[in-house]
Amino acid sequence: MPQTPESREEAIARLQKSASDLEARTTPKVSQEAAGQAAASQAWKIIADLLGGVFVGLALGWAVDHFAGTTPVGLIGGVLLGFAISVWMAWRTAQRLMAEANTHGEPQSVPFDDEDEGA
């Protein structure tokens, strides 16, 4: 018995289904726990950038004050400069993370948890 040729729409639907099946098999599965750990590590990196910049500025300001004899000016200037640099570094890291998030598409929604609400 000869096969009847399938219509164009049926062929397109069959190809789209096989393409979506192939994509589902080849897309790496990332657990929510691993994604949460990656987000937490990036948050700690931003915090370290903020604190590190201030402390490095503080140390450099103290060194300028110690060797140049400009007691409050170097310390204040170092802290302000360190703070400005640390904010810039944190902003740059956040921009990079946003660009990475945009390339991965829509985030998966978290299911609603009824246990969190008090009765």
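As the structure is a computational prediction, the values presented were derived from the model and not from experiment. Residues take numbers from 1 onward in each chain, read along the sequence in its written order. The predicted origin of the model limits local features to residues at a pLDDT of at least 70 and limits the giving and counting of side-chain atom pairs to 80 or more, whereas totals for whole chains, interfaces and linings rest on all residues. Hydrogens and water molecules were not included; the side-chain quantities draw on all heavy atoms of the structure.

Novice: Which residues make up the overall build of the chain, and what are the values?
Specialist: Put simply, DSSP marks the helices as runs of H or I at least four residues long and the strands as runs of E at least two long, and each gets a number from the N terminus on. If you tally the helices and strands in the chain, you get three helices and zero strands. Starting at the N terminus, the α and β elements of the chain follow one another as α-α-α. Each of the 119 residues in the chain was classed as buried or not, and the buried ones make up 10%. Any two residues whose heavy atoms approach within 4.5 Å at even a single point are treated as in contact. Considering only contacts in the chain between residues 6 or more positions apart, those separated by 24 or more positions represent 55%. Each accessible area is a Shrake-Rupley estimate made with a 1.4 Å probe; only the visible protein chains count as cover when residues are assessed. Surface summary for the chain: the accessible area is close to 10200 Å², and the carbon and sulfur share equals 66%. Relative accessibility under 20% of the residue-type maximum defines a buried residue, over 50% an exposed one, and the middle range a partly exposed one, all with a 1.4 Å probe and only protein chains included.

Novice: Describe the side chain of Asp49, and please don't skip the residues or the numbers.
Specialist: For Asp49, the location among the structural elements is in helix α2 (residues 32-68). On the basis of relative accessible area, Asp49 is assigned to the buried category, the value being 11%. Apart from residues lying up to four places away in sequence, Asp49 is in contact with Ser86, Met89 and Thr93.

Novice: Before we move on, can you summarise the pattern of salt bridges with the specific residues and values?
Specialist: Pairing between side chains of opposite charge can happen when their charged atoms approach one another. Just to be clear on terms, a salt bridge is a Lys or Arg side-chain nitrogen sitting within 4 Å of an Asp or Glu carboxyl oxygen. Enumeration over the complete set of coordinates arrives at three salt bridges. With a closest N to O distance of 3.3 Å, Lys45 and Asp49 form a salt bridge. Taken together, the positions of Lys45 and Asp49, both in helix α2 and four residues apart, correspond to about one turn of that helix.

Novice: Which residues make up helix α3 (residues 71-103), and what values go with them?
Specialist: Given 3.6 residues per helical turn, the α-helix brings residues three or four places apart onto the same face. Given the number of residues in a helix, its expected span is that number minus one, multiplied by 1.5 Å. For α3, built from 33 residues, the straight-helix expectation of 48 Å at 1.5 Å per residue is met to within 8% by its first-to-last C-alpha distance of 49 Å. Gly74, Gly78, Gly82, Ser86, Ala90 and Thr93 are the residues of α3 that are buried.

Novice: Could you give me a rundown of the confidence of the model for the chain, with the residues and numbers involved?
Specialist: Per-residue confidence from the predictor is reported as pLDDT, a score between 0 and 100. Across the chain, the average pLDDT comes to 83, with 82% of residues at 70 or higher. Here helix α1 (residues 8-26) stands out as the element of the chain with the lowest mean pLDDT, 87, in contrast to α3, whose mean of 90 is the highest.

Novice: Run through a nonpolar patch on the surface, naming residues and quoting values.
Specialist: Residues Trp44, Ile47, Leu51, Phe55, Leu58, Trp62 and Leu75 make up a contiguous nonpolar surface patch of about 750 Å² in total accessible area. Among the elements that line the nonpolar patch, the one with the most residues is α2, at six residues. Relative to the helices and strands, Leu75 resides in helix α3. Here, patches come from residues exposed beyond 30% relative accessible area and free of salt bridges, joined within 9 Å for like charges and within 5 Å for nonpolar side chains (Val, Leu, Ile, Met, Phe, Trp, Tyr).

Novice: Can you tell me about the environment of Leu58, naming the residues and giving the values?
Specialist: One can find Leu58 in helix α2. Residue Leu58 is classed as partly exposed on the basis of its relative accessible area, which comes to 34%. C-alpha of Leu58 to C-alpha of Gly77: the two residues are 19 residues apart in sequence and 8.5 Å apart in space. Sequence-distant contacts of Leu58, defined by excluding residues within four places in its chain, comprise Leu75, Gly78 and Val79.

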